[in-house]
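# Observations on chain architecture
Residues per chain are reported as follows:
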Amino acid sequence: MMILPTEEKPTNHLDDNVIPLINVVFLMLIFFMMAGQLTTSEQIAIQPPQSSQPTPMVEHEAVLLVSADGRMALDETLLEADMLTPVLQQKIAGHPEKQRFTLLVKTDAMLPANALTDVLKQVRAAGILKVSLATQTRQASHD
Amino acid sequence: MLLETAQVTKHRIISLTPLIDVVFILLLFFMLSSGFTHWRQMNITAASDSYNLDEIRVQYTLLLHPTDEYEFNNKRYRMGNLSPLKQLLKDDPRGMLVISAAEHVSTQQLVDFLDNLTSMGAQHLSLSGLAL
């Protein structure tokens, strides 16, 4: 019996080899969309301290960034350390309920604790009663 | 005479290249703008706002050292050894723990210590005069 060559169908196989690539890219896209949170880049890069505190972060009226070397930025504006109290006083002066003004302090984990205490004292001197320290969820150690 | 012939179905070939372009751009956007930090917050409320200071009678000073040790009653203890403080709070539940940090103690060490104290059940904490 003689096998005759069959006629090949003129199908388009050009895109077939990119389909696995598209699958992977789609999966990565879905992962980043679902797992990540859109964030704005901050004036000062900080690595926050890790904590097992369960309190989730809420919105604050102002955010103070303090880097490991003591540089500060209040709501994306760089400021000198001695200007913190007057700038905060100006900020709460325009707030309708001064007692409810909340400040979030984002510090670097390597900032000396005494420097943090000094910053908090300046914040307190400005009359702000509700202050929160930003932390990140403690990662399980694999030691 | 015109004969009605069967219509030849013409398959439209859709190129995937523009789709891949768009998906790649979206992927790049989300990769660059997404953050994976799970933020939490530790409340540092003013003493007058958090609890009645009249309830607190005695303040106990703890000095934190950079060697993961704390000093209490002129004795040094490892950071994980909270048994003296547990006993203290058992004897005096209204006592306030005033934490001060020595030189070179990082914020991370301070937060770790505060976490330990909170999980131990300490309620009246103060950071060198700032109530927590």
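Summarised in this report is the structure supplied together with it. Just so you know, these numbers come straight off a predicted model, no measurement behind them.

Tallying secondary structure elements over chain A gives three helices and seven strands in all. Listed N to C, the secondary structure of chain A is α-β-β-β-β-β-α-β-α-β in terms of helices and strands. The buried share among the 143 residues of chain A stands at 36%. Long-range contacts, defined here as pairs at least 24 residues apart, represent 73% of the contacts in chain A between residues at least 6 apart. Within the structure as shown, chain A displays about 9,200 Å² of accessible surface, and the carbon and sulfur contribution to it stands at 59%.

Attention now moves to the environment of Pro 56 of chain A. Residues and elements named next belong to chain A. Tracing the backbone shows Pro 56 in the loop between β2 (50-51) and β3 (62-66). Given a relative accessible area of 49%, Pro 56 falls into the partly exposed group. It is 9.5 Å that separates the C-alpha atoms of Pro 56 and Gln 136, two residues lying 80 residues apart in sequence.

Turning our eyes to something else, we now look at the packing of helix α2 (residues 84-93) of chain A against helix α3 (residues 113-125) of chain A. Residues and elements named next belong to chain A. It is at 8 Å that the axes of α2 and α3 come closest, and there the two elements cross at 40°. One element, α2, and the other, α3, form an angle in the oblique class. For the pair α2 and α3, the crossing hand works out as right-handed. Contacts from Leu 84, Thr 85, Leu 88 and Gln 89 of α2 reach α3 at Val 119, Gln 122, Val 123 and Ala 125. The residue makeup of the contact of α2 with α3, split by class, is five nonpolar, three polar and no charged.

Contacts between the two partners involve 54 residues from chain A and, on the opposite side, 44 residues from chain B. Between chain A and chain B, the buried area comes to about 4,500 Å², and carbon and sulfur atoms account for 62% of it. Inspection of the region where chain A meets chain B yields two salt bridges. We note a salt bridge from Asp 115 of chain B to Arg 138 of chain A, for which the minimum N-O separation is 2.9 Å. Across the chain A-chain B interface, the total number found is 18 residue pairs in polar contact (both at pLDDT 80 or more). Within the residue set of the side of chain A that touches chain B, elements represented by two or more residues are α1 (19-35), β1 (37-38), β2, β6 (102-107), α3 and β7 (130-137) of chain A. Top element by residues in the side of chain A that touches chain B is α1 of chain A. It accounts for ten residues. Taken together, the residues of the side of chain A that touches chain B break down into 30 nonpolar, 17 polar and seven charged. Inspection of the sheet shows β1 of chain A paired to strand β1 (residues 34-35) of chain B by two bridges, in the antiparallel sense. Considered in β1 of chain B, the bridge of Leu 38 of chain A is made with Ser 34 of chain B.

Here we come to the pairing of β3 of chain A. All names here are of chain A. With four of five residues buried, β3 is to be regarded as a mostly interior element. Judged from the five bridges that link them, β3 and β6 form a sheet pairing that is parallel. Bridge pairing links Leu 64 to Val 105 in β6. Note that β3 and strand β4 (residues 72-74) share three bridges and pair antiparallel. Looking across to β4, one finds that Leu 65 is bridged to Ala 73. Here β3 folds back onto β4, and the loop between the two strands holds five residues, one of which, Gly 70, carries a positive phi near 90°.

So, on to the pattern of salt bridges. In the structure shown here, the tally under the stated rule is five salt bridges over all chains. Note that Glu 69 of chain B and Arg 76 of chain B form a salt bridge whose closest N and O atoms lie 3.2 Å from each other. Owing to a relative accessible area of 18%, Glu 69 of chain B belongs among the buried residues under this scheme. Linked through salt bridges whose partners overlap, the residues forming this network are Arg 138 of chain A together with Asp 112 and Asp 115 of chain B.

Residues and elements named next belong to chain A. Along α2, the positions that sit buried rather than exposed are Leu 84, Thr 85, Leu 88 and Ile 92. End-on view of α2: buried residues confined to an arc of 90°, all on one side of the axis. Exposed and facing more than 90 degrees away from the buried side of α2 are Gln 90 and Ala 93. For α2, the secondary structure elements touched by its buried residues are β3, β4, β5 (77-79), β6 and α3.

Cut-offs applied
- Residues numbered from 1 in each chain as written.
- Chains lettered and ligands numbered in written order.
- Predicted model: local features only at pLDDT ≥ 70, side-chain atom pairs only at ≥ 80, totals over all residues.
- Heavy atoms only, no water.
- Helix = DSSP H or I, 4+ residues; strand = E, 2+ residues; numbered from the N terminus.
- Buried < 20%, exposed > 50% of the residue type's maximum accessible area, 1.4 Å probe, protein only.
- Contact = heavy atoms within 4.5 Å.
- Areas by Shrake-Rupley, 256 points an atom, 1.4 Å probe, with all protein chains shown as cover.
- Axes fitted to C-alpha atoms, helices over the stretch in contact; angles between N-to-C directions.
- Parallel < 35°, antiparallel > 145°, perpendicular 65-115°, else oblique.
- Left-handed = near helix turned anticlockwise from the far one by under 90°.
- Nonpolar A, V, L, I, M, F, W, Y, C, P; charged D, E, K, R; others polar.
- Buried area = accessible area lost by both parts, 1.4 Å probe.
- Salt bridge = Lys/Arg side-chain N within 4 Å of Asp/Glu carboxyl O.
- Polar contact = N/O pair within 3.5 Å; in protein donor to acceptor, adjacent residues only side chain to side chain.
- Pairing = 2+ DSSP bridges.
- Arc of directions from axis to C-beta.

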